[in-house]
Amino acid sequence: MPSQGSDLAYTVPGMSTQDSSRIVTMLQSRLHALNDLHLTLKHIHWNVVGPHFIAVHEMLDPQVDEVRSMTDDIAERISTLGGEPKGTPGALVDERTWNDYSIGRGEAIEHLGALDLVYTGVIKDHREVMQATETLDPVTQDMLIEQLRGLELFQWFVRAHLESSGGRLSTRGATTESGAAGQAADQAREQP
């Protein structure tokens, strides 16, 4: 991902422009991830079908709203640090390190299986940036910790549909969205 460079005109008091630039670059990756996540959640909301349609359809809207709020917080933090948040679709596509969500119209359980993997990737990367900002910028770290609380809660909502009574996730071991979708569907067919 291209760096914002250390040519920031200003930053917050007590932080070097070099450190601020480093944080801005990390936050830009999180902004792209959350923008992508909110679009993916809406895509699922529009394309979910089957007997659990309404439950999943209605579960996702509050997640969309909260994730959109997270993007605003990150973009404003980038600006506060003297950076320029990039929120255009072209910038997201050019700079992301992942592929588009791969499931179209599908059963609720299939989408939830794939969404579990999406959340895993977003949360893992968010945690890495949270840890990297611990000493550089505790203010940014605090914001990321709060966001992680919400993201992890949303993943738990998703996983509650994928978990057996014994605590085993149907998506365990899946490495692709289509694989996770298939595993979740298979487990759902096997359950009474």
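Residues numbered from 1 in each chain as written. Predicted model: local features only at pLDDT ≥ 70, side-chain atom pairs only at ≥ 80, totals over all residues. Heavy atoms only, no water.

1. Thoughts on the overall build of the protein chain
Counting secondary structure elements, the protein chain contains six helices and two strands. In the protein chain, the succession of α and β elements from N to C terminus is α-β-α-α-β-α-α-α. At 18 Å, the protein chain has a C-alpha radius of gyration in line with the 16 Å of a compact globule built from 192 residues. By its C-alpha atoms, the protein chain is 60 × 35 × 25 Å across when sized along the principal axes. Counting only residues that meet the buried cut, the protein chain has 48% of its 192 residues in that class. Contacts spanning at least 24 positions in sequence make up 73% of the contacts within the protein chain whose residues lie at least 6 apart. For the protein chain, the accessible surface area stands at approximately 9800 Å², while carbon and sulfur atoms represent 51% of it. Charged side chains in the protein chain number 15 positive and 28 negative. The centres of these two groups are separated by 4 Å. (Helix = DSSP H or I, 4+ residues; strand = E, 2+ residues; numbered from the N terminus. Rg over C-alpha atoms; globule rule 2.2 N^0.38 Å. Buried < 20%, exposed > 50% of the residue type's maximum accessible area, 1.4 Å probe, protein only. Contact = heavy atoms within 4.5 Å. Areas by Shrake-Rupley, 256 points an atom, 1.4 Å probe, with all protein chains shown as cover. Lys, Arg positive; Asp, Glu negative; His and termini not counted. Charge placed at Lys NZ, Arg CZ, Asp CG, Glu CD.)

2. Notes on the packing of helix H1 (residues 17–47) against helix H5 (residues 138–160)
Two elements in contact, H1 and H5, have axes whose closest approach is 13 Å; the angle formed by their N-to-C orientations is 20°. Judged on the interaxial angle alone, H5 and H1 are roughly parallel. Classified by chirality, the crossing of H5 by H1 is left-handed. For the pair formed by H1 and H5, the contact residues are Ile-23, Leu-27, Leu-34 and Leu-37 on the first element and Thr-140, Met-143, Leu-144, Gln-147 and Leu-151 on the second. Across the contact of H1 with H5, the residue classes tally to seven nonpolar, two polar and no charged. (Axes fitted to C-alpha atoms, helices over the stretch in contact; angles between N-to-C directions. Parallel < 35°, antiparallel > 145°, perpendicular 65-115°, else oblique. Left-handed = near helix turned anticlockwise from the far one by under 90°. Nonpolar A, V, L, I, M, F, W, Y, C, P; charged D, E, K, R; others polar.)

3. A closer look at helix H2 (residues 53–80)
Here H2 contains 28 residues, and its C-alpha end-to-end distance of 41 Å stays within 8% of the 40 Å for a straight helix at 1.5 Å per residue. Downstream of H2 by one or two residues, Gly-82 has phi in the positive range, about 95°. (Expected span 1.5 Å × (residues − 1).)

4. Section: a nonpolar patch on the surface
Together, Leu-153, Trp-156 and Phe-157 give the surface a local cluster of nonpolar side chains, amounting to about 300 Å² of exposed area. For Phe-157, the location among the structural elements is in helix H5. Here Phe-157 falls in the partly exposed class, since its relative accessible area comes to 30%. (Patch = residues over 30% accessible without salt bridge, like charges linked within 9 Å, V, L, I, M, F, W, Y side chains within 5 Å. Salt bridge = Lys/Arg side-chain N within 4 Å of Asp/Glu carboxyl O.)

5. Concerning the packing of helix H4 (residues 108–132) against helix H6 (residues 177–190)
A pair of packed helices is characterised by two quantities: the angle between their axes and the separation of those axes. Direction vectors running N to C along H4 and H6 enclose 135°, while the axes themselves pass 7 Å from each other. Taken together, the axis directions place H4 and H6 in an arrangement best described as oblique. Crossing hand, H4 versus H6: right-handed. Within the contact between the two elements, H4 uses Ile-109, Glu-110, Gly-113, Ala-114, Leu-117 and Val-118 and H6 uses Glu-177, Ala-180, Ala-181, Ala-184, Ala-185 and Ala-188.

Any link to function would need more than the numbers given here.
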